[in-house]
Amino acid sequence: MSSKVSNNDYEIVVGLEVHAELNTVTKAYCSCKNSFGLEVNSQICPICTALPGALPTLNEKVVEYAIKMGHALNCKINNVTKQDRKNYFYPDLPKAYQISQFDIPLCEHGYLDVLLDDGEEKRIGVTRIHIEEDAGKLLHDEAFSGSLVDFNRSSVPLIEIVSEPDIRSSKEAKAYLETIKSILKYLNISDAKMQEGSIRCDVNVSVRKKRQKEFGTRCEMKNVNSFSAAMRAIDYEANRQIEVIENGGVINQETRRWDDVKGISIAMRSKEDAQDYRYFPEPDLGTIVVDKTFIQKLKDEIPELPHIKQKRYIKELGIPQVDAALLVENLDKSRLFDECMDIGGCSAKNVSNWILGDVSKVMNDLNKSIYDTNVTAEKLVEIITLIEKGEISTSAGKTVFEEILSSDKAVSQIVDEKGLKQISDSGVIEQIVKDVLSENEKSINDYKNGKTNALGFLVGQCMKRSKGKANPALAKELILKYIEQ
Amino acid sequence: MELYKKPAYLLSEMIKKKECSAVEITQSFFNRIGNIDEKIGAYITLNNEGALKAAKVVDEKIAKGEAVSPIAGVPIGIKDNISTKGLLTTCASKMLYNYVPPFNATVMEKLISNDSVILGKLNMDEFAMGSSTESSYFKLTRNPHNLDKVPGGSSGGSAASVAAGECAFALGTDTGGSIRMPAAYCGVVGLKPTYGTVSRYGVVAFASSFDQVGPIARNVKDIALLYNAICGYDKLEATSVKKSYPDFTKGISGNVKGLRIGIPAEYFGKGVDSEVKEKVLSMVKELEKQGAKVIEINLPSTEYALSAYYIISSAEASSNLARFDGVRYGYRAKEYDNLIDMYEKTRDEGFGDEVKRRIMLGTFVLSSGYFDAYYKKAKVVAQNITKEFNHAFEECDVIATPTTPVTAFNIGENINDPVKMCAGDICTVPINIAGLPAISVPCGTICKMPVGIQFIANKFNENILLNTARAVELINGEAEVCEISGQEGK
Amino acid sequence: MDINVKHLAKLSMLKMDEKQLEKFEKDMQDIVKMVQKLPKIQGDLISLDPENPMILREDKLSEKPFTRAEILSNAPEEIAGCIVVPKTLES
Ligand SMILES: [Mg+2]
Ligand SMILES: [Zn+2]
């Protein structure tokens, strides 16, 4: 192969199709349980295994959840729509057609503003969101010559979110995917667990010379099983296409399979033998009509979404982008943060540091939500405020926090009981400083001779003498005052 | 008179009055089946044990003085495309030669809760595709009026068994005339209800937009009894209509005074046998004498109905029958090299030619490049047909037409000519396209072969149809059980 | 009328030998000729019927769930609670 081609001459164009399983109680078209990881074929019925004569009925929550996602992605909601059949044979597809939507998706013409790592915001168009059903699962075993079919996942509801080809790099793709995932979780409509396959994506990649108007021929990549795999697949595929073009070749429109272990994509089928899905309106289902006031009600119920929240944290509260991302990534953390901000009285930055620091550590260590402990926003704010006011030290604050995790005592009670209150009475500290200085003349001279760390030693001595309760900032201030007199 | 010869409404009364037991009735029918079904070929599967058990339950209830349904204990035959839990349901196809459903169709649940006695499963055209019951994988069914003739189709087993006294009444399904046509050929009454009134859940789909289950019986009262039991909203079917229904046994006096009968010229054109025309029109004259008003109407899109019907029904069938792939149930080819080979061999060996033709036609009209010219255009035609009917029902209450252009033809006569075979559906398919109810009732014979008159009404006006059909029945008399030559009086 | 019967058979998952193809070629020609009889109308296809909205199902578990044994009772080949098929291509 030729040496690395200069990618700078090319622009990468990416479109993504994200499939997300909805976390409804029952499946999309039957009343079987929608649940991951249960015993094979334990959640099946005549409908989701396509026994002769079985008919589908549409779960109302599927429509509701899809509309919520439509609102979140600024879509137009088609309140009158229908379903269509997509016909193809495969053993995991019992009816030999997937109930999907063809020409009238439930949601369309939306967009999503994603925040990139460099702080820039990028708008990515959302072509459509439609509802459809998942297929069953094929199990393979090397020792066995056939494949096994498990229909538990058959007819589990999916939304397919199709983006415009607005994505220009693997990093943008990752930002888009992560934002979609966090929105799904905020709306509580999907578990969005890549490892359980509840969110999956197909990647469409093409390249074109910079300043070229028309798009290049695209290739679709299947079997992309994680966001980082999506990044790798995009980079690999873009490089492959550039190399083909640079070597005088042409790109064939085809479906390729991403092999993440080998880090390569392999052609699966060309456009010529593309499947003819023979879409037509699903005659077993009628017209879906959603009440307009209900659509508005769903819109009104949309919480502040993670990407909007993140922007607010950065712009209005001065939280660094990375920290803001970490806060919104987790529903509990951002909720706790917002509650603290609502109570007010302490700096956003300090609250953020606390939540990303001690609170996160505790949540990780205990492997539970902070809301399953006795910590409340009120108590956290109280601790941070005490620190900010200099009434307790930071380390004392940590001690209090540890204590309130499991006790329902008030913060002030713990401070009192443990004697954590800092001495901020300048009279008391002044006496301590005087005592310390009189016993450490050598250090005073060291300091005067330019050994600045002598000051730290002196502050330390004051703390020791006060049994850790002296306000160190005040002590330092007084030491300097006396030395420089 | 032997019990099997009696109409269902009489059997119902006799059971309640304890003039005979449900078990006796059931045995009488099984005897009849045993005597003549070798000649008729109506049944694919018999439900001897189940039927007698159900009959015993009815007798016990009667003995205890419990109230029972009007159809309790009355033996019924079921077309073999309606799922019966624990009882073979083959669709007369090799593809389902061994399939035993683990669930009941909603209509079966309804019948069972009415203490119906299920005699067995009736022969049909394979997957309900055909007009003669000759495409059954298992056997031929013969017309009880002349054993050399076809019984019509696809519910040929249902109509023949009713005509021959092998059940009191039967369920059929009608996608393009499959209840009305065999009813006409066999000289019995067949009702195709309004689309959405009888649940399709558990009825093996042919064309989802057109399929309807309906009753076949020897008289209108029996039709009403059975229709009462099977109609109604089903939450398992998304196209089921949610509404309440009247008691259809009420108001069928046969009084047609003031009834406006529309006569569409398009249904009496070329292709319709002149004697059939004559029989139908003279029956209309009789009704006119009784006070009905006859109005000439036009349904100009009728000439395109057959095309539209074949395109839409085959398109849906190609998709509906894709699930028969040898994976989960039914026939699977014995030897194959790989997955695709297994699919192809299973479907090649499991389906008969007529089914394959429809699947291929349906695949063709949906395939890329042909969708607009065929499927889409057919749907537009279907819309126009519906509009024309709506318009017609502003002027008339029922429309009268022949049910079929000719009377029953000879076995084997049309089997190699699929186009000629479907020409027989010309009078019935427009009704399925428009989702309307229609009834076929005997109106005389030509060379001893029955002729059917079809009445069509606006949606949910089955009561008008039943009353009009009753008027015909009052003129002609109720159909009686056919004598089968050489088997009677032994 | 050019009808690619071979292609249709492939899409329909029907195995056909040359003899069958020939027969179906003729049948399909006749049938398509019959169904071609459609008017030259340009009406719009109305695939929606908002006057008769579909009743949606409540998201509630079935009260009488089926057992695996019931649903798989007709399976031609079963191992360990799963249906067996020839090895799929994309595995
Ligand atoms: Mg999809
Ligand atoms: Zn299910």
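Here, the structure is the one placed above.
Residues numbered from 1 in each chain as written. Chains lettered and ligands numbered in written order. Predicted model: local features only at pLDDT ≥ 70, side-chain atom pairs only at ≥ 80, totals over all residues. Heavy atoms only, no water.

(A) Expanded view of the coordination of the zinc ion (ligand 2). Residues and elements named next belong to chain A. For the zinc ion (ligand 2), the full set of protein donor atoms is Cys 30 (SG), Cys 32 (SG), Cys 45 (SG) and Cys 48 (SG), and the range of their distances to it is 2.3 to 2.4 Å. Because the angles between the four donor atoms bound to the zinc ion (ligand 2) fall within 99 to 113°, the donor set is best described as tetrahedral. In the primary sequence, the donor residues of the zinc ion (ligand 2) line up as C-x1-C-x12-C-x2-C. In this pair, Cys 30 is assigned in the loop between strand E1 (10-21) and helix H1 (60-72) and Cys 48 in the loop between E1 and H1, connecting sequence segments 18 residues apart. The same class applies to Cys 30 as to Cys 48, namely buried. (Donors = N, O, S within 2.8 Å, 3.2 Å for Na, K, Ca; no water. Tetrahedral: all angles 85-135°; square planar, octahedral: opposite > 155°, others 65-115°. Helix = DSSP H or I, 4+ residues; strand = E, 2+ residues; numbered from the N terminus. Buried < 20%, exposed > 50% of the residue type's maximum accessible area, 1.4 Å probe, protein only.)

(B) Structural detail: the environment of Leu455(A). All names here are of chain A. Structurally, Leu 455 can be placed in helix H14 (residues 453-465). According to the relative accessible area criterion, Leu 455 is buried, its value standing at 11%. A C-alpha to C-alpha distance of 8.0 Å links Leu 455 and Ile 479, two positions 24 residues apart in sequence. Setting aside residues up to four positions removed in sequence, Leu 455 forms contacts with Tyr 447, Lys 476, Ile 479 and Leu 480. (Contact = heavy atoms within 4.5 Å.)

(C) Representation of the packing of aromatic side chains in the model. In the structure shown here, the tally under the stated rule is 25 aromatic pairs over all chains. For the pair Tyr313(A) and Phe337(A), a centre-to-centre distance of 4.6 Å together with 65° between the ring planes defines the contact as edge-to-face. Remark: Phe337(A) occurs in helix H7 (residues 331-343) and Tyr313(A) occurs in helix H5 (residues 306-317); sequence separation between them is 24 residues. On the basis of relative accessible area, Tyr313(A) is assigned to the buried category, the value being 0%. Note on Phe337(A): relative accessible area 0%, which makes it buried. Measuring from centroid to centroid gives 6.4 Å for Phe389(B) and Phe393(B), while their planes differ by 20°, and the two rings are stacked. Pairwise contacts between aromatic rings join Tyr99(B), Phe127(B), Phe324(B), Tyr329(B) and Phe351(B) into one cluster. In this structure, Lys481(A) is placed above the aromatic ring of Tyr482(A), and the distance from its NZ or CZ to the ring centre is 5.6 Å. Lying over the aromatic face of Tyr9(B), Lys221(B) brings its terminal NZ or CZ to 4.2 Å of the ring centre. (Phe/Tyr/Trp six-rings, centres within 6.5 Å; stacked < 30°, edge-to-face > 60°. Lys NZ or Arg CZ within 6 Å of the ring centre and 35° of its normal.)

(D) Local environment of the coordination of the magnesium ion (ligand 1). All names here are of chain A. The magnesium ion (ligand 1) binds to the protein through Glu 132 (OE), Glu 132 (OE) and Glu 160 (OE); the donor distances cover 1.9 to 2.7 Å. Remark: Glu 160 occurs in strand E10 (residues 157-163) and Glu 132 occurs in strand E7 (residues 121-133); sequence separation between them is 28 residues. As far as the burial class goes, Glu 132 and Glu 160 line up, both buried.

(E) Examining the nonpolar core more closely. Leu111(B), Phe127(B), Leu171(B), Phe389(B), Ile453(B) and Phe455(B) are the most contacted members of the largest nonpolar core, which totals 205 residues. Looking at which element gives the most residues to this core, the answer is helix H9 (residues 302-320) of chain B, with ten residues. With near-sequence residues (within four places) excluded, Phe389(B) lies in contact with Tyr267(B), Leu299(B), Ile399(B), Pro430(B), Ala434(B), Leu436(B) and Ile456(B). Judged by nonpolar contacts, the second largest core, of 105 residues, contains Ile12(A), Leu305(A), Val362(A) and Ile392(A). (Core = buried A, V, L, I, M, F, W, Y, C linked by side-chain atoms within 4.5 Å.)

(F) Geometry of a negative patch on the surface. Among the surface-exposed residues, Asp2(C), Asp17(C), Glu18(C), Glu22(C) and Glu25(C) lie close enough to one another that they form a single negatively charged patch. Judged by relative accessible area, which is 68%, Asp2(C) ranks as exposed. (Patch = residues over 30% accessible without salt bridge, like charges linked within 9 Å, V, L, I, M, F, W, Y side chains within 5 Å. Areas by Shrake-Rupley, 256 points an atom, 1.4 Å probe, with all protein chains shown as cover. Salt bridge = Lys/Arg side-chain N within 4 Å of Asp/Glu carboxyl O. Lys, Arg positive; Asp, Glu negative; His and termini not counted. Charge placed at Lys NZ, Arg CZ, Asp CG, Glu CD.)

(G) Structural context of the interface of chain B and chain C. In this complex, chain B contributes 56 residues to the contact, which on the side of chain C involves 46 residues. Between chain B and chain C, the buried area comes to about 4500 Å², and carbon and sulfur atoms account for 71% of it. Summed over the three residues of chain B that lose the most area to chain C, namely Glu344(B), Arg357(B) and Met360(B), the buried surface amounts to 14% of that side. For the pair chain B and chain C, the number of links is six salt bridges. Counting every contact that joins chain B to chain C gives 17 residue pairs in polar contact (both at pLDDT 80 or more). (Buried area = accessible area lost by both parts, 1.4 Å probe. Polar contact = N/O pair within 3.5 Å; in protein donor to acceptor, adjacent residues only side chain to side chain.)

(H) Here's a closer look at the sheet that holds strand E10 (residues 438-446) of chain B. Residue and element names in this part refer to chain B. Spatial ordering of the open sheet is given by E1-E3-E2-E4-E6-E5-E10-E11-E9-E7-E8, a layout of eleven strands whose pairing is mixed. A strand with exactly one partner marks an edge of an open sheet, and here the two such strands are strand E1 (43-46) and strand E8 (293-297). Each strand of the sheet is rotated relative to its neighbour by a mean of 30°, with strand direction disregarded. As defined by bridge partners, strand E9 (residues 398-402) adjoins strand E11 (residues 449-457) across five bridges and the pair is classed as antiparallel. Paired with Thr 401 across the two strands is Gln 454, which belongs to E11. Set on the sheet, helix H4 (residues 106-113) makes contact with strand E2 (75-79), strand E3 (117-122), strand E4 (169-174) and strand E6 (212-217); between it and E2 the angle comes to about 175°. Strands E2, E4, strand E5 (189-192) and E6 of the sheet are contacted by helix H7 (residues 220-230), whose axis makes an angle of about 145° with E6. (Pairing = 2+ DSSP bridges. Axes fitted to C-alpha atoms, helices over the stretch in contact; angles between N-to-C directions.)

(I) Representation of unusual backbone geometry within the structure. Backbone torsion omega between Gly153(B) and Ser154(B) reads 5°, so that peptide bond is classified as cis. Residue position: Ser154(B) is located in the loop between E3 and helix H5 (156-163). The phi angle at Asn367(A) is positive, at roughly 55°, despite the residue not being glycine. Along the chain, Asn367(A) falls in the loop between helix H8 (348-366) and helix H9 (377-388). Asn367(A) gets classed as exposed once you look at its relative accessible area, which sits at 68%. The residue Lys18(B) is not glycine, and still its phi comes out positive at about 60°.

(J) How the structure looks around the interface of chain B and chain A. Tallying the contact residues gives 36 residues for chain B and 29 residues for chain A. Summing both sides of the interface, chain B and chain A together bury roughly 2700 Å²; the carbon and sulfur share of this comes to 62%. Looking at the side of chain B facing chain A, the largest losses of area belong to Ser319(B), Arg323(B) and Arg328(B), adding up to 22% of the total buried there. Where chain B touches chain A, the interface holds one salt bridge. Linking Asp284(A) and Arg200(B) is a salt bridge whose minimum nitrogen-to-oxygen distance equals 3.1 Å. Counting across the interface, chain B meets chain A through 13 residue pairs in polar contact (both at pLDDT 80 or more). Of all the secondary structure elements, the ones that give two or more residues to the side of chain B that touches chain A are H9, helix H10 (339-350) and helix H11 (353-366) of chain B. Tallied by class, residues from the side of chain B that touches chain A come to 19 nonpolar, ten polar and seven charged. (Nonpolar A, V, L, I, M, F, W, Y, C, P; charged D, E, K, R; others polar.)

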